[in-house]
Amino acid sequence: MAEVQQLRVQEAVDAMVKNKERENIRKMQGLMFRCSAGCCEVNQASMQQVHQCIERCHVPLAQAQALVTSELEKFQDRLTTNGWQFPPPGL
């Protein structure tokens, strides 16, 4: 019985992660790539300036991914504390 409940929770978490990836992370990835491409369009910029611009474009996505990972780890810790064991969800 507990295995069935664990499977249901695991499937719900996996579905939520896939949904967030589709609805949020992919949009942010598109914005990041368009922003990075824009950095490369500035002909007067030095290589260092272009690199810094591209790094700035990556910050929001990196922060969002770190937040999702952190929240999933906290959730998994709470489940583990209650005796549930799950493999880590993939992003």
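Everything that follows concerns the structure shown earlier in this document.
Remember, it's a predicted structure, so these values are computed and weren't measured experimentally.

**Q** What am I meant to see in helix α2 (residues 47–81) here?
**A** Helix length check: α2 (35 residues) gives 49 Å between terminal C-alpha atoms against 51 Å at 1.5 Å per residue, within 8%. Along α2, the largest kink reaches about 35° and is centred on V59; proline P60 follows within four residues of it. V50, C53, C57, L61, A64, L72, Q76 and L79 are the residues of α2 that are buried. G83 occupies a position one or two residues after α2 and carries a positive phi of about 90°.

**Q** Which parts of the structure should I look at to understand the pattern of salt bridges?
**A** Where charged atoms of side chains with opposite charge meet at close range, the side chains can pair. Considering all chains together, one arrives at two salt bridges under this definition. In this structure, E71 and K74 form a salt bridge, with 3.4 Å as the shortest nitrogen-oxygen distance. Taken together, the residues E71 and K74, both in helix α2 and three residues apart, mark about one turn of the helix. The exposure class of E71 is partly exposed, given its relative accessible area of 39%.

Reading guide: rules and limits
Residues numbered from 1 in each chain as written. Predicted model: local features only at pLDDT ≥ 70, side-chain atom pairs only at ≥ 80, totals over all residues. Heavy atoms only, no water. Helix = DSSP H or I, 4+ residues; strand = E, 2+ residues; numbered from the N terminus. Expected span 1.5 Å × (residues − 1). Bend = angle between axes of the 7 residues up to and from the residue. Buried < 20%, exposed > 50% of the residue type's maximum accessible area, 1.4 Å probe, protein only. Salt bridge = Lys/Arg side-chain N within 4 Å of Asp/Glu carboxyl O.

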